[in-house]
Amino acid sequence: MTFLSGRRHMPALRFFLFAAFLFALVFSARLSAAENTGDVRFAFEPDGYVYSAGDEVAVSMTVTAPDGTAADAGTLYVRVTNDGAETLEWHEFSLADSNPAVLHTTLPFPGHMLIRVTASGGGLPGDVNRSAGILFSPERIEPALPEPDDFDAFLAEGKALVRKVPLDPQMTPIGGLCDGDSDIEVTQVSFATLGGERVYGFLSKPAGGGPFPAIVTVPGAGPGLGPDLELPKEGFAVLLMNVFPYPVPIDPAERQKVHDEFNAKLGMRYCFVNADNRETYYYRPIFLGIDRAVDWLAGQPFIDRGRIGFDGTSQGGAAALILTGMNKNIKAAVASVPALCDHAGSLKGRAPGWPLLYPFSQQNPDVLEASRYGDAVNFARKIDVPIRVTVALVDQICSPSSVYSAYNVIPSADREILIEPHLGHENGVQYSKAAAWLRDLLKNRPREAATQEER
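Residues numbered from 1 in each chain as written. Predicted model: local features only at pLDDT ≥ 70, side-chain atom pairs only at ≥ 80, totals over all residues. Heavy atoms only, no water.

**Q** I'd like a rundown of the packing of aromatic side chains, residues and numbers included.
**A** Taken as a whole and assessed by the stated rule, the structure comprises 15 aromatic pairs. With 5.2 Å between their ring centres and 65° between their planes, F44 and Y49 make a pair best called edge-to-face. Overall, F44 belongs to the buried group, its relative accessible area being 9%. Judged by relative accessible area, which is 24%, Y49 ranks as partly exposed. Aromatic pair Y270 and Y282: ring centres 5.3 Å apart, planes at 50°, arrangement tilted. Here Y270, found in the loop between α3 (252–266) and α4 (283–298), pairs with Y282, found in the loop between α3 and α4; they are twelve residues apart in sequence, far enough to count as distant. Take Y282: its relative accessible area is 0%, and that puts it in the buried class. Ring-pair connections join several aromatic residues into one group, and the members of that group are F244, Y246, F262, Y270, Y281, Y282, Y283 and F287. Positioned above the aromatic ring of F302 is the side chain of K205, whose terminal nitrogen or guanidinium carbon lies 5.0 Å from the ring centre. One residue, R415, lies across the ring of Y407, its end atom 4.4 Å from the ring centre. (Phe/Tyr/Trp six-rings, centres within 6.5 Å; stacked < 30°, edge-to-face > 60°. Buried < 20%, exposed > 50% of the residue type's maximum accessible area, 1.4 Å probe, protein only. Helix = DSSP H or I, 4+ residues; strand = E, 2+ residues; numbered from the N terminus. Lys NZ or Arg CZ within 6 Å of the ring centre and 35° of its normal.)

Pasting the structure below:
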C-alpha cells in the first residue's frame, strides 16, 4: 500500500477549509475589482509603518472617485483587526463631512494591525475595498505556542526513518527546453521517501563539471513548476523540488490538469491531508525526502557544497525555513512571505499562516497539536546561517504576525527582515533585493567553506 492510498481524510472539516480559502480568494478579487471604481489612499502620522506597542497612530484615509477627485459623498466603513482575525474596532465616516477621514488608533500589544475599509455610495459606481497594515513592536511578537518538548526527537526519528529507505535517485535528461542553448543541462530527478513514495523535481545546471554554486527551491502552493532555465545562465545549479508524489509536467496546462486531478482524488486540497496526525501529515514525507535530495546534491562532484543556498516564496518560503533548519548543507537562505508559520495564532486572536486557517485550528484541537511538529517556526529556531525574510503588511494568506513569530526565533547572527508595506501575498522590490543578496553571497563565498563539518 502506498503512502497516499493509506492516508486518512477528514471530510467533516472540508467546509471550514474551503470556506476560509474561498474567502481569501473572494476578498482578493474584490480588491482587484476596486481599481475600476475609485481608490482609498492611506497616510500615517507619525510617518512610517512600524511603531511601539501603545503608540497612537493617526491614519488618514482619502477616498478618490474614478476621475481622481476626492469623493464628496458616500460612507467609509472601517474595520480594525488583530492581523486580519479578531475585530478590535468598527468605525463609520461620512465622506460628505470628512475626506480624508482620520482614524486614531493603537495596538496595546506587540503585533500587526490590519485595517480593512469599504467606501460606498455617493459618486462611487461600486464599493471600493482597500486594506493597510501597521506593525507595533514587531520584534516582540512571539509564537502562540512553545516548541514541543519532543520536537527534536520527532525530527531525528523522521530523518532516521527516511534514511533507512534506499535513496534510489532516478535521473532523466531533458532536451529541447533552452532554444538550442547547449550551455544548460536539464534533468528530471526523483528520490525515494517514506511510505513507498517519491519526491520529484528538476536539476538545471551550466554545462561542464563545475563545481558550481547551487540554489535549492520549492515552488509556492499550486500545481508546481518546471525547471529553472535562468539561474544556470548566471552560473548556478538549481535543484527545484515540487511537493507532489508524481512527476510534475513541464507544460503549464498539463501541469494544472494533473494537479486538479490529484486534489480531486484526495477529496481536498493536498495541504490539508491528515493535518490531525503528525506522523502522516502530507508535508512530512515530502520535506524529509527533499532533505535527502539536498544531501544528494551536496555530494555531487559538479556542486561546490560550501555554496548551497535556498530561495523560496510562500509554501517555498516555509520550505526555506524548514529545510535550512534541518540541513547543514544549506549555507544561506531567503524565505519570502513564508507559509506554515504559527498555526496556533488563533489562540492569540490573530491569523495563523497558511494553510491551517483559523476555522480549521479552532474546530479541531488535534490539528492544532499535530501542526506544531510541522510548523516552520520550530524549524526556524535551528537556523544559524545568513538568512533574509520578507513580510508583506497587507498579506492575508501568510499573516505578518505569523512571519514575525518565525523570524524572531531565528538565532542566526546574520538575519534581516525586509518589509513590503503595500503588498499582499506576493513578491516585490524587497524580495528582489533578498534574492540578489543570496546570489552574491553564494558567488563570493570562499571555497574553503566547503571543508566545514556537514550535518
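Now, onward.
**Q** Go over the pairing of strand β15 (residues 332–336) with me, naming the residues and quoting the values.
**A** Consecutive side chains of a regular strand alternate in pointing toward one face of the sheet and then the other. Among the five residues in β15, five count as buried, and that is most of the element. Taking every second residue as pointing to the same face, both faces of β15 are buried, with A332, V334 and S336 on one and A333 and A335 on the other. Relative to β15, strand β14 (residues 303–313) is paired through five bridges, and the arrangement is parallel. Of the residues in β15, the one forming a bridge with G312 is A335. Relative to strand β16 (residues 387–392), β15 runs parallel, the two being bridged by four bridges. Bridge pairing links A333 to I387 in β16. (Pairing = 2+ DSSP bridges.)

**Q** With reference to specific residues and values, describe the sheet that holds strand β13 (residues 237–241).
**A** Read across the open sheet, the nine strands follow the order β9-β10-β11-β13-β12-β14-β15-β16-β17; overall the sheet is mixed. At either end of the open sheet lies a strand with only one pairing partner, and these are β9 (170–174) and β17 (415–420). Strand-to-strand twist of the sheet, defined as the mean angle between neighbouring strand axes without regard to direction, takes the value 20°. Where strand β12 (residues 212–217) and β14 come together, four bridges link them in parallel fashion. What sits directly across from V216, in β14, is F310. Contacts from helix α9 (residues 400–407) reach β16 and β17 within the one sheet, and its direction differs from that of β16 by about 165°. Its contacts with the sheet put helix α10 (residues 429–444) on β12, β14, β15, β16 and β17, and the angle it makes with β15 is roughly 170°. (Axes fitted to C-alpha atoms, helices over the stretch in contact; angles between N-to-C directions. Contact = heavy atoms within 4.5 Å.)

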